[in-house]
Amino acid sequence: QVQLVESGGGLVQAGGSLRLSCAASGSIFSINGMQWYRQAPGKQRELVAAPTTGGSTNYADSVKGRFTISRDNAKNTVYLQMISLKPEDTAVYYCNAQVKTRSWSSPRDYWGQGTQVTVSA
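Residues numbered from 1 in each chain as written. Predicted model: local features only at pLDDT ≥ 70, side-chain atom pairs only at ≥ 80, totals over all residues. Heavy atoms only, no water.

Attention now goes to the overall build of the protein chain. Scanning the protein chain from terminus to terminus reveals 0 helices and 11 strands. When the elements of the protein chain are put in sequence order from the N terminus, they spell out β-β-β-β-β-β-β-β-β-β-β. For the protein chain, whose C-alpha radius of gyration is 14 Å, the value lies close to the compact-globule estimate of 14 Å for 121 residues. Its C-alpha atoms give the protein chain principal-axis dimensions of roughly 45 × 30 × 25 Å. Of all 121 residues assigned to the protein chain, the portion counted as buried reaches 38%. The long-range share in the protein chain, meaning contacts at least 24 apart out of those at least 6 apart in sequence, stands at 60%. Here the protein chain has roughly 6,600 Å² of accessible surface; of this, 47% comes from carbon and sulfur atoms. (Helix = DSSP H or I, 4+ residues; strand = E, 2+ residues; numbered from the N terminus. Rg over C-alpha atoms; globule rule 2.2 N^0.38 Å. Buried < 20%, exposed > 50% of the residue type's maximum accessible area, 1.4 Å probe, protein only. Contact = heavy atoms within 4.5 Å. Areas by Shrake-Rupley, 256 points an atom, 1.4 Å probe, with all protein chains shown as cover.)

As structure tokens, this is what we get:
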């Protein structure tokens, strides 16, 4: 019922910037939250950026000060602005959302397909 489509990944040199986007579509009643995760080869998927109910955002320590999550509610889209990229940022980046639809009484977790970010030294 819901699809998350990510875009914006690619190859960038260290110190460069990228902006990822993830647009949700389908039978959406409301979106309770949207977050960004990433997974490097051989590593566990980790939380990158997650807004909290308190109005702040939890960022992974490794990206704090360099990454910014934002959301356009009208477009059902979440963004991840990444600056000062480092080789260790290389990973597949996924968006995750908790979406309430007409067919489900409770929010359901959805994942994007992932977009590759590669940062060269």
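It is worth spelling out the nonpolar core at this point. By size, the foremost hydrophobic cluster in this structure holds 28 residues, and its most contacted members are Leu4, Trp36, Val48, Phe67, Leu80, Met82 and Tyr93. Listing elements by their share of this core, those giving two or more residues are strand E1 (2-7), strand E3 (18-26), strand E4 (28-39), strand E5 (46-51), strand E7 (67-72), strand E8 (77-82), strand E9 (91-101) and strand E11 (115-120). At 5 residues, the largest contribution of residues to this core is made by E9. (Core = buried A, V, L, I, M, F, W, Y, C linked by side-chain atoms within 4.5 Å.)

Our focus in this paragraph is the state of the cysteines. Taken as a whole and judged by the stated rule, the model has 1 disulfide. One disulfide bridge connects Cys22 with Cys95, the sulfur atoms lying 1.8 Å from each other. Placement of Cys22 in strand E3 and of Cys95 in strand E9 is noted, with a sequence separation of 73 residues between them. For the pair formed by Cys22 and Cys95, the shared burial category is buried. (Disulfide = S-S within 2.5 Å.)

Let us now look at the packing of aromatic side chains. In total, this model carries 1 aromatic pair according to the counting rule given. Between Arg45 and the ring centre of Tyr94, over which it is positioned, the NZ or CZ distance is 3.8 Å. The ring of Trp111 has Arg45 lying over it, and the distance from NZ or CZ to the ring centre is 4.7 Å. (Phe/Tyr/Trp six-rings, centres within 6.5 Å; stacked < 30°, edge-to-face > 60°. Lys NZ or Arg CZ within 6 Å of the ring centre and 35° of its normal.)

Working note: regular strand, side chains alternate between the two faces of the sheet. As paired strands, E4 and E9 are joined by 10 bridges and run antiparallel to one another. The residue of E9 that forms the bridge with Ile31 is Val99. In this structure, the hairpin formed by E4 and E5 is closed by a connection of 6 residues, where Gly42 is found at a positive phi of approximately 75°. (Pairing = 2+ DSSP bridges.)

So, on to the sheet that holds E3. Taken together, 4 strands build an open sheet; the order of strands is E1-E3-E8-E7 and the sheet is antiparallel. Strand pairing shows two members of the sheet lacking a second neighbour, E1 and E7, which therefore form its edges. Recorded for the sheet is a direction-independent mean angle of 15° between the axes of neighbouring strands. Note that E3 and E8 share 6 bridges and pair antiparallel. Looking at E8, one finds that Ala23 is bridged to Thr77. (Axes fitted to C-alpha atoms, helices over the stretch in contact; angles between N-to-C directions.)

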